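Next come the chains, spelled out residue by residue.
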Amino acid sequence: MADQAIAKADARSTAQGRFIHFVNVIGIYFAALLFVLLGFALQAAGVITNFASAQNFLNIVDNVAMLGIVAVGMSFVTYSGSMADMSVPTTMALSGIVAVQFLKVGFWPAIAAAFAVGLVIGLVNAVVVGRFKANPIIWTLAINYVCMGIIRVVWVNKQIYPDMIASTKDVSQAFDAIYRLEVVKGLGGNPLASLRLPLVMMVAIVIIGQIVLSRTSFGAQLKLTGSARKAAKFTGVNVELITGAAFIVAAITATLGGLTVTSLSRVGAYYNGAGYDFRAVTAIVIGGMSLSGGRGSIIGVLGGVLIIGLINNIMTLIGIPTLSQDMIRGAIFITVVGINAKSLRSLGRDDA
Amino acid sequence: MKKAASIVAFVAMAGICACGAFGQALSAQQKANLEASLKVDTSVLKSADNQSLIVLSSQKKVIPARPADPDALAETDPLHWYDMEYAGWNAKKVNIPQSPADGAIGKKIILIVHGDHPWTTACTLGAMKVAQACSIKLKVLSPNWDLAVQNQMIDQAINEKPDAICLIPLDAKAAVQQARKINDAGIPLFLFNTLTQADAMNYCVAWTGPDDFGQQRKLARVWADEMQKRNPGAKELDVAYVQHAPGGSPYFARCWGPMSELSGYAKTVKTVAKEAPGFDADKATQVVSDWLTRFGPGLKGIFAADDSAQAIGIFEAFKKAGRTDIVVCAAGNSKQGMDLVKEGKLFAITYQTAEGDGALTIKTAADWFNGKAIEPVRYLPQKIITKANVDSFYPPQW
Amino acid sequence: MTTHKKLDRSGALSWVDHNRIYLIFVVALLVMTAFAPKFFNVFNLTTISKTAAMNACVAIGFTIVMICGHLDLSIGTVITLAGVVGLGLKKYVGYEISVPLALCSGALVGLVNGLLVTKVKISSFIVTLGTMTILQGLIYQITGGNSIALSTPDAFSVADFLGHRLIPLVTPRVLITLVLVLLFQFLLSSTRWGRNFYMVGGNKSTAWLGGIEADRQIVVAFVLSGLLAATGGVFFAMESSAATRNMGDNSLMYVLSATIIGGTAMSGGKGGVFRSFVAILALEIIYDGIILFGLGNEVKIFLAGFILAVVVLYEAYASYRHDRVVGQRSELLAELSAAGRGNRSTDAASSRG
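Note that the structure is predicted; figures quoted are calculated from it, not measured. (Residues numbered from 1 in each chain as written. Chains lettered and ligands numbered in written order. Predicted model: local features only at pLDDT ≥ 70, side-chain atom pairs only at ≥ 80, totals over all residues.)

Participant: Which residues make up the overall build of chain C, and what values do they have?
Facilitator: Within chain C, the secondary structure is distributed over 16 helices and 2 strands. A principal-axis box enclosing the C-alpha atoms of chain C has dimensions of 90 × 55 × 35 Å. The buried share of chain C, reckoned over its 353 residues, is 53%. A separation of at least 24 residues holds for 76% of the contacts in chain C among residues at least 6 apart in sequence. (Helix = DSSP H or I, 4+ residues; strand = E, 2+ residues; numbered from the N terminus. Buried ≥ 20, exposed ≤ 12 C-beta atoms within 10 Å, placed from the backbone. Contact = placed C-beta atoms within 7 Å.)

Put into structure tokens, the structure is as follows:
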């Protein structure tokens, strides 16, 4: 009985397993659909207005684009069994402020500098957690602290402004455009409906991430490392490398997210990116990815991000105060995790 | 024996005369100190934005009588906020030390701010400019938004026995015990910037800072006038408030200040929403774009507590929805806010001089050392910045 | 409880490693006394102990949870909750009832955490993340965003009492913390019940074999964590006569750093309450010195992060080195290589590990 349960758990091997996996992923979108229906119901009841409009749905997706970018990257870390990458907020802030500082030289040097910083942080995390097997939560919290210290020591209490530092006006406009560039304008004839760069980036990253995770051998190795680490080792998977590589992926998306957030707020500061670690973890967990690793998918994470966007939207349309919204989000988070944990237990996996 | 006694008497008398002379010398030096100190002219000092650093507000604030129970009044009644807005004017001062009136030169002041932020950097700069002009030794401590650390710094400051302490309390209510501790130690206390609970004012020499309520009321009128101008004849103008961090005095002053002002001044203005998304541009974008979905063309105005991150978020949401008709005013004044005013997006912001805030508290302390009478409350100048005059406020202080 | 020596090192080095937190404490104290202006006087040292008292109390519970191999991220919000409940209700029922209520609310949060971790089997990271978020919202509901402050004379007298110096360096609030630290250190090191925490964290299946109900110990650990966080919070609020909305926010990183620097590890089964206490004192000495030097907060933040990172890195590296040699029996290896030097190749030996 237990053997069968374990065989079922490997979604790649049997048709039945693939179907269950499919249902799991659909499950998240089913939940998202439920929220959409809730929104419709509330609108019909007169509690909220204008929920069911194309513009509103576009807004919802647009507003969670940055969270989506960061969450997809962090989900690689989760999928490989390292729980979460808590260094994301200061990675975002540091790469953003470095980019602004390097605008003095030019736009592309600034982008390169930002990615250099992000990669260094990712590499450090990769070595310490991958090779030396430090506890990922504790280590990434420590790195978060160190990077915050670096920002504070180098820039003391200053904020730096892109338009004041940039070498030419074109450079500063290019930086501004990271958040604001309209890649596709005038969808369906509506001049206001346009897809901006963050949203396009998120879609691209989701697609790439999903392909990597489900169809490449790298993805397979990640899954094995996350779900059965010792087995992975004995089948020849370089567990240390895989674990480390996941952190590098997370750092890359954090850098992208950091550039976008910094572009939005038009200032290089230590507080850009604050809160993204918890929000990303929430999205990942709601999206069905188990925190112990090896279970879930990128499409699922996208579903989780969309659910968060829907919840935020509905709560603001109702008029619930922001801090009460936090409480509701926390409750939903625990409930989803609890349900997830119970269903995993029935499959024989004890740890969610 | 007699000879010895007379020698002793002589030496004693010489000693007393010498002491007397020495005492006179000290007091003469103190007098010289005082004269030199009084000669210092701080009115020529300028802040980074080329405005005068120290300008005492020329308008006298009209203090109405305190209603018997302000809490019982409606939130939209200006007098509901009496204790907060007029804190300090009705203070019953307790045990305030006497000024030594020997000039400010060489005095030591410890300045404790609330946390690290570019605003605070500018504030400290203003304080240092005045301290330098008055030859005051200034030490600055920042607790980085942590109440336990601020308490620790107050303890350490008391231990160093400075001639005065200038403090921005982190929390309006916790300020009471903090002020009391300093008062018990006999050190003159000058509170500034953040309005505190009324009781805290009993323990300080004076409070200086922006008249947040007054400024925002003034801004509200400008805001209402413009909304009425853009929507002539409208029976109802729906507005929304983007609030400050809950709990502090700006949270109340920048939301209920305008709200209660307009309930009398412009009765067509109706509040339909208020939210506190923090100082996060992307959260503000989400909240405002959802408001636009919810209220559509009926939304005529937004009042923001912050003209930097919140204002940026507001205008991103506007751009996405293609709305350019909404009148937005905010409490200022950061670089991003002034840029938005210059672009014609933000209609008006208030001038909140960070340097002036720090400068005024040191100046007040210096005046106290010079023996002048100090009013219990001193306000910073109130100015409304619009596109017409924004250029005179560049370069921005922070 | 002496920790199992993991490192294959000479006696002196391993003594240094084992007692590093005490060495760090002494070094910090000496450096600050020598170089920081006006450091070594009764007043300043009392300030240090007063500032450290709240986090030291919280660290007791956090350490116990970590010894069990779990993490409690909700301590910051429990501190705030206890302060808000303790002070907010004082107006209606007085401190005699509001303080025990505050402590109970902390214990209740701990109970919820513990049950979710053991019965529903969700990882403690997730559970306490969730309770932290929910508590933040709950605190907002209670306070409406305002802080709570008391300005009545009896409130001040309690505050003054808690803060006045009994004997040099010790105020009543510090005394409460000291007593709790020593009590729990004694319980954990010298009683069977206390040592069970180490067993649960060190090796759960062996603990089960030894007849320990791991689930119950873990729940108790979380309850203690909530209770002690509430204790630290409510007494701090009483001494400030105020409870702000975010008074506990900085405590999490502070307590986590101190616990790890003090020698407790996430892998569970090692560490100690007294060590965490000494770590908090050492950190507080360093921070106090930084203020006295007149250095800015950026130095403090950088140092705090750097010290934590170094300690975590060191522990990880040490564990890595240990893993490389685990299972290798040095006597066998020596035998084989001696034989190999004679007539057999060393291939057999090198094929191990």
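Structure shown, so let's carry the discussion forward.
Participant: Which residues make up the interface of chain A and chain C, and what are the values?
Facilitator: Facing the 41 residues of chain A at the interface are 37 residues of chain C. Among the secondary structure elements, those contributing two or more residues to the side of chain A that touches chain C are helix 6 (107-131), helix 7 (136-155), helix 14 (276-286) and helix 16 (322-346) of chain A. Here the residues of the side of chain A that touches chain C are counted per class, giving 28 nonpolar, 5 polar and 8 charged. (Nonpolar A, V, L, I, M, F, W, Y, C, P; charged D, E, K, R; others polar.)

Participant: Account for the interface of chain A and chain B, naming residues and giving values.
Facilitator: Taken together, the 28 residues of chain A in the interface contact 28 residues of chain B. Counting only elements with at least two residues in the side of chain A that touches chain B, the list comes to helix 3 (54-63), helix 13 (239-265), helix 15 (298-318) and helix 16 of chain A. The dominant element in the side of chain A that touches chain B, judged by the number of residues it contributes, is helix 3 of chain A, at 5 residues. When grouped by side-chain class, the residues that make up the side of chain A that touches chain B number 10 nonpolar, 15 polar and 3 charged.

Participant: A description of the sheet that holds strand 8 (residues 299-304) of chain B should follow, citing residues and the corresponding values.
Facilitator: All names here are of chain B. The strand order 7-6-8-9-10-12 describes an open sheet built from 6 strands, whose pairing is mixed. Where the open sheet ends on each side, the last strands, each with one partner, are strand 7 (269-275) and strand 12 (384-386). Between one strand and the next, the sheet's axes are offset by a mean angle of 20 degrees, whatever the strand orientation. Where strand 6 (residues 237-242) lies against strand 8, 5 bridges are found, and the strand directions are parallel. Opposite valine 239, over in strand 8, you have glycine 301 as the bridge partner. Running over the sheet, helix 10 (residues 309-321) touches strand 6, strand 8 and strand 9 (327-330) and is turned about 160 degrees from strand 8. (Pairing = 2+ DSSP bridges. Axes fitted to C-alpha atoms, helices over the stretch in contact; angles between N-to-C directions.)

Participant: Please give an account of the nonpolar core that cites residues and values.
Facilitator: Of all hydrophobic cores here, the largest spans 348 residues; its most connected members are B:Ile112, B:Cys204 and B:Ile314. In terms of residues, this core owes the most to one element, helix 11 (residues 214-240) of chain C, which gives 15 residues. Residues lining this core come from more than one domain, with at least three contributed by each of domain 1 (70-209 + 354-381) and domain 2 (213-350) of chain B. Leaving out residues up to four positions away in the same chain, B:Ile112 has contacts with B:Leu141, B:Gln150, B:Met153, B:Ile154, B:Ala157, B:Ile165, B:Leu167 and B:Ile168. (Core = buried A, V, L, I, M, F, W, Y, C linked by C-beta atoms within 7 Å. Domains from an automatic or database assignment.)

Participant: I'd like a description of the sheet that holds strand 4 (residues 189-192) of chain B, backed by residues and values.
Facilitator: Residues and elements named next belong to chain B. Spatially, 2-1-3-4-5-11 is the arrangement adopted by the 6 strands of the open sheet, whose pairing is parallel. Edge positions in the open sheet fall to strand 2 (137-141) and strand 11 (377-379), since each of these has one partner strand only. Each strand of the sheet is rotated relative to its neighbour by a mean of 20 degrees, with strand direction disregarded. As defined by bridge partners, strand 1 (residues 108-112) adjoins strand 3 (residues 164-167) across 4 bridges and the pair is classed as parallel. Across the sheet, residue isoleucine 112 finds its bridge partner in strand 3, namely leucine 167. Along the sheet, helix 4 (residues 147-160) contacts strand 1, strand 2 and strand 3; its crossing angle with strand 1, the most-contacted strand, is approximately 175 degrees.

Participant: Describe helix 10 of chain B, naming the residues involved and giving the relevant values.
Facilitator: Residue and element names in this part refer to chain B. Between its first and last C-alpha atoms helix 10 spans 19 Å; for 13 residues at 1.5 Å apiece the expected length is 18 Å, and the two agree. Taken across its 13 residues, helix 10 has 11 buried, putting it largely inside the fold. Within helix 10 the residues assigned to the buried category are Ala309, Gln310, Ala311, Ile312, Gly313, Ile314, Phe315, Glu316, Ala317, Phe318 and Lys320. (Expected span 1.5 Å × (residues − 1).)

Participant: I'd love a proper account of helix 8 (residues 256-265) of chain B, names of residues and values included.
Facilitator: Given 3.6 residues per turn, any residue in an α-helix points the same way as the ones three and four places further on. Judged by how many residues are buried, helix 8 of chain B sits mostly within the fold: 7 of 10 residues are covered. Where helix 8 of chain B is concerned, the buried positions are B:Trp256, B:Gly257, B:Pro258, B:Met259, B:Ser260, B:Glu261 and B:Leu262.

Participant: Can you explain the environment of C:Met32? Please cite residues and give values.
Facilitator: Relative to the helices and strands, C:Met32 resides in helix 2 (residues 20-35). Dropping the residues within four chain positions of it, C:Met32 is found in contact with C:Phe39, C:Ile285 and C:Gly289.

Participant: Please give an account of the pairing of strand 1 of chain B that cites residues and values.
Facilitator: All names here are of chain B. Within strand 1, 4 of the 5 residues are buried, which leaves it mostly tucked inside the rest of the structure. The sheet contact formed by strand 1 and strand 2 spans 5 bridges and is parallel. Pairing of isoleucine 110 across the sheet is with lysine 139, part of strand 2. Each parallel crossover has a hand, and the one from strand 1 via helix 3 (residues 118-133) to strand 2 is right-handed. (Right-handed = clockwise from strand over helix to strand, strands pointing away.)

Participant: Account for unusual backbone geometry, naming residues and giving values.
Facilitator: Residue and element names in this part refer to chain B. Looking along the chain, the bond that leaves glycine 332 and enters asparagine 333 is cis, with omega of -10 degrees. The linkage connecting tyrosine 394 with the following residue, proline 395, adopts the cis geometry, with an omega of -10 degrees. Along the polypeptide, proline 395 turns up in the segment after strand 12. You will see that tryptophan 145, though not glycine, has its phi angle at about 70 degrees, which is positive. You can see tryptophan 145 is positioned in the loop between strand 2 and helix 4. Take tryptophan 145: there are 16 C-beta atoms within 10 Å of it, and that puts it in the partly exposed class.

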